[in-house]
Amino acid sequence: MSLTSLNLGRPSPLRVFLPGKGEVTLTQTDYLATGGEGEVYAKGGYVYKLYLDAAGARGRGIEDKLKLLQAIKHPHIVAPTDVLHNTQHQVVGFYMPQASGVPLVKTFTNAWRDPNNFGQKESLALVENMRQAVVAAHQAGAVLVDANEMNYLADGTAPRLLDVDSWQIGPFKASAIMASIRDPHSADFTPLTDWFSWAVVSFQVLAGIHPYKGVHPDFRRGDLQARMQANASVFDPQV
């Protein structure tokens, strides 16, 4: 879908205001993508997320949540910098630094690793930096919840943790998570379930395959959820 079709009720270009910094005008040229909650733009070294339902976001206390997330300071975590206001001084989104790097999934493949001289040494350094970022998030009182491989970039061995506004923090709970990284033995989201997700993603960086894939005689091919529930990982001798 085009930016125009998604913005029938919005003026074009879009004017947003950064508290204490002034006005920024976002145009179709700055548009990146539209997700489930908002439209994303990039301009001047920053990424801007505008909520599709800004009134609903405000009703859920998004400004208070963003303030909690702004307090997370770590070089590998792309946390919100501040809120965005409209001309009525209402919160309509937030902005954050524009992160560099390639999608983490590229590091799973030899097609990318070989020409980029990315071997086991680099993989271990990347995974360790990912671990440190998760520790920092937990120390700040946040739970990543949906830390799937699509929510990381890799800038060499430096990870960039994305989608921070969806994290669980304070009274703000989260429920969305990709099934392939969800701990099937936990009904809640906690730092421990984050570590399960981190282990799944890290394994893919190190081994190039999801830890519950491969062929097992007791499971249908591709039945990832049943394998995870039964703890039948690639270390099972029948795989």
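Scroll up to find the structure.
These numbers were taken from a predicted model, which means no experiment stands behind them. Counting restarts for each chain: residues are numbered from 1 in the order of the written sequence. Local features in this predicted model are restricted to residues whose pLDDT is 70 or higher, and side-chain atom pairs enter the listing and the counts only when it is 80 or higher, whereas totals over whole chains, interfaces and linings include all residues. Side-chain measures here rest on the full set of heavy atoms in the structure, leaving out hydrogens and waters.

Comments concerning the packing of helix α5 (residues 120-139) against helix α6 (residues 191-207)
When two helices pack together, their arrangement is given by the angle between the helix axes and the distance between those axes.
In step 1: Axis definition: a line fitted to C-alpha atoms, limited for helices to the stretch in contact. Angles are taken between N-to-C directions and run from 0 to 180 degrees. Runs of E in the DSSP output that reach at least two residues are strands. Runs of H or I that reach at least four are helices, and both are numbered from the N terminus. At a minimum axis distance of 10 Å, the contact between α5 and α6 shows a crossing angle of 165°. With respect to their mutual orientation, α5 and α6 come out roughly antiparallel. In the packing of α5 onto α6, the handedness of the crossing is right-handed. Between α5, through Gln120, Ser123, Leu124, Leu126, Val127, Met130, Arg131, Val134, Val135 and His138, and α6, the contact on the second element is made entirely by Pro191, Asp194, Trp195, Trp198, Val201, Ser202, Val205 and Leu206. Geometric relationships in this document are graded by angle, where less than 35 degrees denotes roughly parallel, more than 145 denotes roughly antiparallel, 65 to 115 denotes roughly perpendicular, and other angles denote oblique. Crossings are classed by handedness, with left-handed meaning an anticlockwise turn of the near helix from the far one by less than a right angle and right-handed meaning a clockwise turn. Contact between two residues is taken to exist if any of their heavy atoms lie within 4.5 Å; hydrogens are not considered.

A few points about unusual backbone geometry
In step 1: A positive phi angle, close to 65°, is found at valine 145, a residue other than glycine.
In step 2: If you trace the backbone, valine 145 turns up in the loop between β9 (142-143) and β10 (152-155).
In step 3: Look at valine 145 and you get buried, because its relative accessible area is 2%.
In step 4: With phi around 55°, aspartate 163 is a residue other than glycine that occupies positive phi space.
In step 5: Along the polypeptide, aspartate 163 turns up in the loop between β11 (158-161) and β12 (168-169).
In step 6: By relative accessible area, aspartate 163 is classed as partly exposed at 29%. Think of it in three bands: with a 1.4 Å probe and only protein chains considered, a residue is buried below 20% of the maximum accessible area for its type, exposed above 50%, and partly exposed in between.

By themselves, these figures tell us nothing about what the structure is for.
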